[in-house]
Amino acid sequence: MSGPDTQTGTLWGVGVGPGDPELLTLKALGAIRACPVYAHFAKSGRPGNARGIAEPHLPENARELRLEYPFTIEVPLDDPRYPEEMAKFYDASAEHVAAELDAGNSVAVLCEGDPFLYGSYMYLHDRLAQRYETRVVPGVSGMSGCWTAANTPITHGDDVLTVLPGTLPESEMSSRIERTDAAVIMKVGRNLPKIASALSKAGRHQDATIVERGTMEGETVTRLSDWEEGRGAPYFSIVLVPGRKGIR
Ligand SMILES: C[S@@+](CC[C@H](N)C(=O)[O-])C[C@H]1O[C@@H](n2cnc3c(N)ncnc32)[C@H](O)[C@@H]1O
């Protein structure tokens, strides 16, 4: 799309893939190299996941715009302050990016996986895409990296795939798992015990595999039934339930 002013910079949402820097596309590389500024979201005190993935490709003379979350786990997701504070944070982040675009600088917003799949980039896109020329580069998604790491075809034939956030209430999660052939459960972390219980209730626990840090350093692939009781799962983990149809 075209923005109202051709003097302004272009907003780029750049998917950097699931972790392995070689899974960043040529198009993503071109976008990163073409922008004088790269932006990324990061938790306090952490270098930022998307930045870490793109690190080998970042031009030396590019400027970094670090957008630091106001909190990590201090405010629970169900606290009414959470959406309010996050909206304020995304408003402010969008204005930092807009200032660069107004100055004529194109900005590559680095996003882990694919920007339009549960990516924080979307909150900038929602606020800026109508105001500025905007391009989005799709990325290899985390789930794709994970089912490949697990060497597990996820859907055969007419299998239905359901993608679920691990934040869903257990009863909703299990009823959705009951009604699907294949499932990908994202945002695992501290939701793992609830996910394991929902899978058991849906009769699919034995079919499930958990992938930690798929395609990244420290990747592990474990059948959920072999998961050590009480062991925590990291932020970057996904539970996969392959389809039921079998090979033709
Ligand atoms: C905020 S979402 C971002 C998703 C991302 N935009 C994508 O396309 O995959 C973060 C969640 O994605 C999943 N995830 C993304 N990449 C992953 C990876 N390489 N290994 C394991 N889980 C991953 C995890 O469940 C994590 O909690």
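As the structure is a computational prediction, the values presented were derived from the model and not from experiment.

> In this structure, what is going on with the overall build of the chain? I would like to understand it.
When its secondary structure is counted, the chain shows seven helices and 10 strands. By the compact-globule yardstick of 18 Å for 248 residues, the chain fits well, its C-alpha radius of gyration being 19 Å. Counting every position in the chain, which comprises 248 residues, the buried fraction comes to 48%. The contacts of the chain with a sequence gap of at least 6 include a subset with a gap of at least 24, amounting to 70%. Counting every atom, the chain has about 12700 Å² of accessible surface; 49% of that belongs to carbon and sulfur.

> Any chance you could explain the pattern of salt bridges here in plain terms?
Once the charged atoms of two side chains with opposite charge are near each other, the side chains can pair. Applying the stated rule across the entire model yields 13 salt bridges. Where Arg-51 meets Glu-64, a salt bridge forms, and the shortest distance between an N and an O atom there is 3.3 Å. You can see Arg-51 sitting in helix 2 (residues 49-54) and its partner Glu-64 sitting in strand 3 (residues 63-68), a full 13 residues away along the chain. In this structure Arg-51 comes out as buried when scored by relative accessible area, which is 16%.

> Is there a simple way to explain the pairing of strand 7 (residues 182-186) in this structure?
Consecutive side chains along a regular strand alternate between the two faces of the sheet. Of all five residues in strand 7, five are buried, a share of seventy percent or more. Sheet topology places strand 6 (residues 161-165) next to strand 7; five bridges connect them, and they run parallel. When the bridges of strand 7 are listed, Val-163 appears paired with Val-184. Direction of pairing for strand 7 relative to strand 10 (residues 237-241): antiparallel, over a ladder of three bridges.

> Explain the packing of aromatic side chains here, please?
For any pair of aromatic rings, the description consists of the separation of the ring centres together with the inter-plane angle of the planes. Summed over all chains, the structure comprises eight aromatic pairs. When the centroid spacing of 5.6 Å and the interplanar angle of 20° are considered together, the rings of Phe-41 and Tyr-69 count as stacked. Of this pair, Phe-41 sits in strand 2 (residues 37-42) while Tyr-69 sits in the loop between strand 3 and helix 3 (81-102), and the two are 28 residues apart along the sequence. On the basis of relative accessibility, which here comes to 10%, the residue Phe-41 falls in the buried class. Counting every residue linked through ring pairs, the aromatic cluster contains Phe-41, Tyr-69, Phe-89, Tyr-90 and Tyr-123. Against the face of Tyr-235 rests Lys-43, its NZ or CZ located 4.3 Å from the ring centre.

> So what exactly am I meant to see when it comes to the sheet that holds strand 4 (residues 107-111) here?
Strand pairing in a sheet takes place through backbone hydrogen bonds and is either antiparallel or parallel in direction. Taken in spatial order, the five strands of this open sheet run 3-2-4-1-5, and their pairing is parallel. Among the strands making up the open sheet, the edge pair consists of strand 3 and strand 5 (134-137). Across the sheet, the axes of successive neighbouring strands diverge by a mean angle of 20°, strand direction being ignored. Sheet topology places strand 2 next to strand 4; three bridges connect them, and they run parallel. The residue of strand 4 that forms the bridge with Tyr-38 is Ala-108. Strands strand 1 (11-15), strand 2, strand 3 and strand 4 of the sheet are contacted by helix 3, whose axis makes an angle of about 165° with strand 3. Each of strand 1, strand 2, strand 3, strand 4 and strand 5 is contacted by helix 4 (residues 121-128), which is oriented at about 160° to strand 5, the strand it contacts most.

> Please explain the pairing of strand 10 as it appears in this structure.
Most of strand 10 sits inside the fold, with five of its five residues counted as buried. Here strand 10 shows no split at all, with Ser-237, Val-239 and Val-241 on one side and Ile-238 and Leu-240 on the other all buried. Alignment of strand 8 (residues 209-212) against strand 10, held across four bridges, turns out to be antiparallel. Bridge pairing in strand 10 places Glu-212 opposite Ser-237.

> What's the story with the environment of Gly-166 in this structure? I'm lost.
Tracing the backbone through its elements, the reader meets Gly-166 in the loop between strand 6 and helix 6 (170-178). Along the primary structure Gly-166 and Lys-187 are separated by 21 residues, whereas in three dimensions their C-alpha atoms are 5.1 Å apart.

> Sorry, what's going on with unusual backbone geometry here?
When glycine is set aside, most residues are seen to have a negative phi, and most peptide bonds are trans. Phi angles above zero are rare outside glycine, and Tyr-118 is one such case at about 50°. Relative to the elements of secondary structure, Tyr-118 occurs in the loop between strand 4 and helix 4. For Tyr-118, a relative accessible area of 38% puts it in the partly exposed group. Notably, Lys-187 is not glycine yet its phi reads approximately 55°, a positive angle. Looking at the element boundaries, Lys-187 is found in the loop between strand 7 and helix 7 (192-201).

Reading guide: rules and limits
Residues numbered from 1 in each chain as written. Predicted model: local features only at pLDDT ≥ 70, side-chain atom pairs only at ≥ 80, totals over all residues. Heavy atoms only, no water. Helix = DSSP H or I, 4+ residues; strand = E, 2+ residues; numbered from the N terminus. Rg over C-alpha atoms; globule rule 2.2 N^0.38 Å. Buried < 20%, exposed > 50% of the residue type's maximum accessible area, 1.4 Å probe, protein only. Contact = heavy atoms within 4.5 Å. Areas by Shrake-Rupley, 256 points an atom, 1.4 Å probe, with all protein chains shown as cover. Salt bridge = Lys/Arg side-chain N within 4 Å of Asp/Glu carboxyl O. Pairing = 2+ DSSP bridges. Phe/Tyr/Trp six-rings, centres within 6.5 Å; stacked < 30°, edge-to-face > 60°. Lys NZ or Arg CZ within 6 Å of the ring centre and 35° of its normal. Axes fitted to C-alpha atoms, helices over the stretch in contact; angles between N-to-C directions.

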